[in-house]
Amino acid sequence: WLDVDETLEKVANHEAEAEFELALKEISKISPNDSVYASTLTSKTYYLINTENYSEAIEVANEGLALENHMSHYYFYVNKIAALIRLEEYQEAMTVIDSSLKLYPKNYKLWHNKAAAFEGLKQPEKAIEAYQESIKINPFYSLNHLKLAVLCYNEHLITQTMMCLNLYLLTNPDGDGSFSVLQSYNNMVKDKNESEAKGIKISDDDESFEEIDLIVE
């Protein structure tokens, strides 16, 4: 006999301490016949991803998606996509993303994931469009600004890079990566940009920044 309430409390405590392997071990004790089993699947996929068990995370997400009228379908889609991207299965991830966007067309995380999949497929211009769409939906999701900053920097579009980094820091002032980004910001103008520009268009206004870029570089 398993005390489910006690088990879920242990799971929550392990998650709070980022002890995902222990959380996974505890949550896996809950039987598929238990009434709370279905509600544990989203957390299970999350723990599997954080312990790099990506293939198993996809299997559990598929199990969740097979549940009829389950309120957590969105989270199963998101976690399945995340696992596929980690496995570098970008085309399959794109298929899942397109299916989920039919259900959640204005979801900024799905558009962000679509951009990441396009980057994996070496289609940076489509990735840029998807990042920009995600920003339109939620301008406060800081990771989009950081990803665009990297793409701008690789194209030697320094002014636009700085604008994107400013927005990242404004939307994520106390985040884990903010200090390292601030350091990169400070080093950007003094260090030579070794990346090779590929002529990728970031926006219709790229040429408007050319003179400022020359001064900054």
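Further up the page is the structure itself.
What to know about the overall build of the protein
For step 1, the next point in the chain: Within the protein one finds 12 helices and zero strands.
For step 2, the next point in the chain: The helix and strand sequence of the protein, counted from the amino end, reads α-α-α-α-α-α-α-α-α-α-α-α.
For step 3, the next point in the chain: Here the C-alpha coordinates of the protein stretch approximately 70 × 35 × 25 Å along the principal axes.
For step 4, the next point in the chain: Burial statistics for the protein: of 217 residues in total, 42% are counted as buried.
For step 5, the next point in the chain: Contacts spanning at least 24 positions in sequence make up 52% of the contacts within the protein whose residues lie at least 6 apart.
For step 6, the next point in the chain: Total accessible area on the protein stands at roughly 12900 Å², and carbon and sulfur atoms take up 49% of it.

Some points on helix α7 (residues 108–120)
For step 1, the next point in the chain: The end-to-end C-alpha separation of α7 is 19 Å, in line with the 18 Å expected for 13 residues at 1.5 Å each.
For step 2, the next point in the chain: Every buried residue of α7 is accounted for by Leu110, Trp111, His112, Asn113, Lys114, Ala115, Ala117 and Phe118.
For step 3, the next point in the chain: Looking at the buried residues of α7, the elements they touch are α5 (73–86), α6 (90–103), α8 (124–137) and α9 (142–154).
For step 4, the next point in the chain: Two to three positions downstream of the cap, the backbone nitrogen of Lys109 sits 3.1 Å from a side-chain oxygen, assigning the N-cap of α7 to Asn107.

Focus on the packing of aromatic side chains
For step 1, the next point in the chain: In this structure the tally under the stated criterion is six aromatic pairs.
For step 2, the next point in the chain: The interplanar angle of 65° and the centroid separation of 5.0 Å between the aromatic rings of Tyr74 and Tyr75 together place this pair among those described as edge-to-face.
For step 3, the next point in the chain: By relative accessible area, which is 48% here, Tyr75 ends up partly exposed.
For step 4, the next point in the chain: Put simply, the rings of Phe20, Tyr46 and Tyr47 touch in pairs and so form one group of aromatic residues.

Topic: the pattern of salt bridges
For step 1, the next point in the chain: One pass over the structure, following the stated rule, counts three salt bridges.
For step 2, the next point in the chain: A salt bridge links Lys10 to Glu6, with the nearest nitrogen and oxygen atoms 3.7 Å apart. Taken together, the residues Lys10 and Glu6, both in helix α1 (residues 4–16) and four residues apart, mark about one turn of the helix.
For step 3, the next point in the chain: Taking the relative accessible area as the measure of exposure, Lys10 reaches 35% and is therefore partly exposed.
For step 4, the next point in the chain: Lys29 is paired through a salt bridge with Glu26; the nearest N and O atoms lie 3.2 Å apart.

Overview of helix α10 (residues 158–171)
For step 1, the next point in the chain: Counted at 1.5 Å a residue, the expected span for α10 with its 14 residues is 20 Å, and the 20 Å between its end C-alpha atoms agrees.
For step 2, the next point in the chain: For α10, the full list of buried residues reads Ile158, Thr159, Gln160, Thr161, Cys164, Leu165, Tyr168 and Leu169.

Conventions we followed
- Residues numbered from 1 in each chain as written.
- Predicted model: local features only at pLDDT ≥ 70, side-chain atom pairs only at ≥ 80, totals over all residues.
- Heavy atoms only, no water.
- Helix = DSSP H or I, 4+ residues; strand = E, 2+ residues; numbered from the N terminus.
- Buried < 20%, exposed > 50% of the residue type's maximum accessible area, 1.4 Å probe, protein only.
- Contact = heavy atoms within 4.5 Å.
- Areas by Shrake-Rupley, 256 points an atom, 1.4 Å probe, with all protein chains shown as cover.
- Expected span 1.5 Å × (residues − 1).
- Polar contact = N/O pair within 3.5 Å; in protein donor to acceptor, adjacent residues only side chain to side chain.
- Phe/Tyr/Trp six-rings, centres within 6.5 Å; stacked < 30°, edge-to-face > 60°.
- Salt bridge = Lys/Arg side-chain N within 4 Å of Asp/Glu carboxyl O.

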